[in-house]
Amino acid sequence: MTDQAEVLRRMVSQQHSDGPRIVAVTSGKGGVGKTNVSVNLALALIELGYRVVLVDVDLGLANADILLGISPEFNLTHVLTGHKRISEILADGPNGLKVLAGGSGLYDIANLSSSRLDAFAKAIESLNEFDFVILDTGAGIHKNVVSFAVAASEVLVVTTPEPTAITDAYGVIKVILQHNPESSIHVVVNMAHSPQEAELAAEKLNTVARQFLGKEIHYAGYILYDHQVVSSVAEQRPVLLAYPSSMTSRAIRRIGQGLIGTELREPPGQNRVQRFFQRVHRLLRV
Ligand SMILES: Nc1ncnc2c1ncn2[C@@H]1O[C@H](COP(=O)(O)OP(=O)(O)O)[C@@H](O)[C@H]1O
Ligand SMILES: [Mg+2]
């Protein structure tokens, strides 16, 4: 029997000249589970045979490293100031996951000269060896947050079923689509108390998006409220590793498999990583 992971891997490597898929995990409201989704989704993609780097671009509450129980010495600031190359500062997470810590230096992207940006874009060429770049962003519609999601083209919006979270998720989706109408938006409903509650929340979001933005939102799936997630955070071990057969781990694997099947088609012949950083630069500057 054909190994599914191998087939998937080949499908991705055919695309590989374009560079990795860049997926931003974002939300309207804070504390809805972005970092947990980012870290565990990254690990689920690794289980499927992909090479994944997690980049923490949450400028306010960078904490992917805490969830992974690692403490990288260097972050993107050191790359921007020319003191380090990205290949030198990629930290080792579990199972071969690579982690690029964020830090306040990302604000400086806005102030980079074009020549400096070119140099920076070259420096990040080492990310081309990956199949996926997962960006753990901050919450909300501030320019510094949304720029990463806009530039990524593929966005996973995390929400809970709470009306406030759904409303804020809609706000973020609206801003992202204003800047990038081609953006592929996926929604994960986290901390739901039943699949029905999650589906209802996703449907509400999709209804307003369809009506007011003329856009179809992909429902990427749900994660139920799970005390094992709370325990895994306390243990600083991602739930996928701490509780591999928990309902949350299975839910995240399903979301990862769904993502594999919905690749956004972009114009070929351009490198996604460079395009991404050029877009971030442009967006932050205005
Ligand atoms: N599915 C879940 N079930 C229970 N608690 C959760 C779940 N997802 C997240 N949490 C809780 O929410 C907290 C915030 O999650 P986090 O991923 O840090 O959110 P964000 O990155 O959006 O701020 C976690 O520390 C955890 O306690
Ligand atoms: Mg977070």
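Here, every reference points to the structure presented above.
Below, the structure is looked at part by part. (Residues numbered from 1 in each chain as written. Chains lettered and ligands numbered in written order. Predicted model: local features only at pLDDT ≥ 70, side-chain atom pairs only at ≥ 80, totals over all residues.)

Some details on the overall build of the protein chain
Helices and strands together make up the secondary structure of the protein chain, namely 13 helices and 8 strands. Counting only residues that meet the buried cut, the protein chain has 47% of its 286 residues in that class. (Helix = DSSP H or I, 4+ residues; strand = E, 2+ residues; numbered from the N terminus. Buried ≥ 20, exposed ≤ 12 C-beta atoms within 10 Å, placed from the backbone.)

A word on unusual backbone geometry
Even without being glycine, Ser153 reaches a positive phi, approximately 75°. Tracing the backbone shows Ser153 in the loop between α7 (143–152) and β6 (154–159). On the basis of neighbour counts, which here come to 21 C-beta atoms within 10 Å, the residue Ser153 falls in the buried class. Positive phi is not limited to glycine here, since Gln236 has a value of about 55°. Within the fold, Gln236 resides in the loop between α10 (227–235) and α11 (239–242).

Section: the site of ligand 1
Around ligand 1, 17 residues are found, and the nearest of them are Gly33, Lys34, Thr35, Asn36 and Val229. Of the residues that constitute the shell around ligand 1, the class distribution is 7 nonpolar, 8 polar and 2 charged. (Near = placed C-beta within 6 Å. Nonpolar A, V, L, I, M, F, W, Y, C, P; charged D, E, K, R; others polar.)

Comments concerning the nonpolar core
Ranked by internal contacts, the top residues of the largest apolar core, which has 85 residues, are Ala42, Val52, Leu54, Ile134, Leu135 and Ala152. No other element matches helix α2 (residues 34–47), which puts 8 residues into this core. Discounting chain neighbours no more than four positions away, the residues touching Ala152 are Ile22, Val23, Ala24, Leu135 and Phe276. (Core = buried A, V, L, I, M, F, W, Y, C linked by C-beta atoms within 7 Å. Contact = placed C-beta atoms within 7 Å.)

Considering the environment of Leu241
Inspection of the secondary structure assignment puts Leu241 in helix α11. For the pair Leu241 and Asn40, spaced 201 residues apart in sequence, the C-alpha separation works out to 8.6 Å. Residue contacts for Leu241: discarding those within four places in its chain leaves Leu43 and Pro94.

A few points about α2
In this model α2 runs 20 Å from its N-terminal to its C-terminal C-alpha over 14 residues, within 8% of the 20 Å that 1.5 Å per residue would give. Here α2 lies mainly inside the structure; 13 of its 14 residues are buried. Looking one or two residues beyond α2, the residue adopting positive phi is Gly49, at roughly 100°. (Expected span 1.5 Å × (residues − 1).)

Thoughts on the environment of Thr262
If you trace the backbone, Thr262 turns up in the loop between α12 (247–260) and α13 (272–285). Here the alpha-carbon distance between Thr262 and Ser184, two residues 78 residues apart in the chain, equals 9.0 Å.

A look at the sheet that holds strand β4 (residues 98–100)
Across the sheet, which stays open at both edges, the 8 strands sit in the order β3-β4-β2-β5-β1-β6-β7-β8 with mixed pairing between neighbours. Single-partner strands in this sheet number two, and they are β3 (91–92) and β8 (218–224). In terms of strand pairing, β6 meets strand β7 (residues 184–192) through 6 bridges, oriented parallel. Bridge assignment links Val158 to a residue of β7, and that residue is Val188. Across the sheet, α2 lies against β1 (21–27), β2 (52–56), β5 (132–139), β6 and β7, angled at about 175° from β5, the strand it touches most. Sitting on the sheet, helix α9 (residues 195–213) is in contact with β6, β7 and β8, with an inclination near 145° to β7. (Pairing = 2+ DSSP bridges. Axes fitted to C-alpha atoms, helices over the stretch in contact; angles between N-to-C directions.)

Brief notes about α9
Since the α-helix advances by 3.6 residues per turn, residues separated by three or four positions end up pointing in the same direction. In a regular helix each residue adds 1.5 Å, so 19 residues correspond to 27 Å; α9 covers 26 Å between its end C-alpha atoms and thus fits that length. Within α9 the residues assigned to the buried category are Ala198, Ala201, Ala202, Leu205 and Ala209. For α9, the angular spread of the buried residues around the axis is 95°, confining them to a single face. Facing away from the buried side of α9 by over 90 degrees, the exposed positions are Gln196, Glu203, Thr207, Arg210 and Gln211. Where α9 is buried, its residues touch β6, α8 (163–179), β7 and β8. Gly214, located one to two residues past α9, shows a positive phi value of around 65°. (Arc of directions from axis to C-beta.)

Re the pairing of β5
Taken across its 8 residues, β5 has 8 buried, putting it largely inside the fold. With 6 bridges connecting them, β1 and β5 associate as parallel partners. Opposite Val23, over in β5, you have Ile134 as the bridge partner. Sheet analysis places β2 next to β5, joined by 5 bridges and oriented parallel. Bridged to Val52 within β5 is Phe132.

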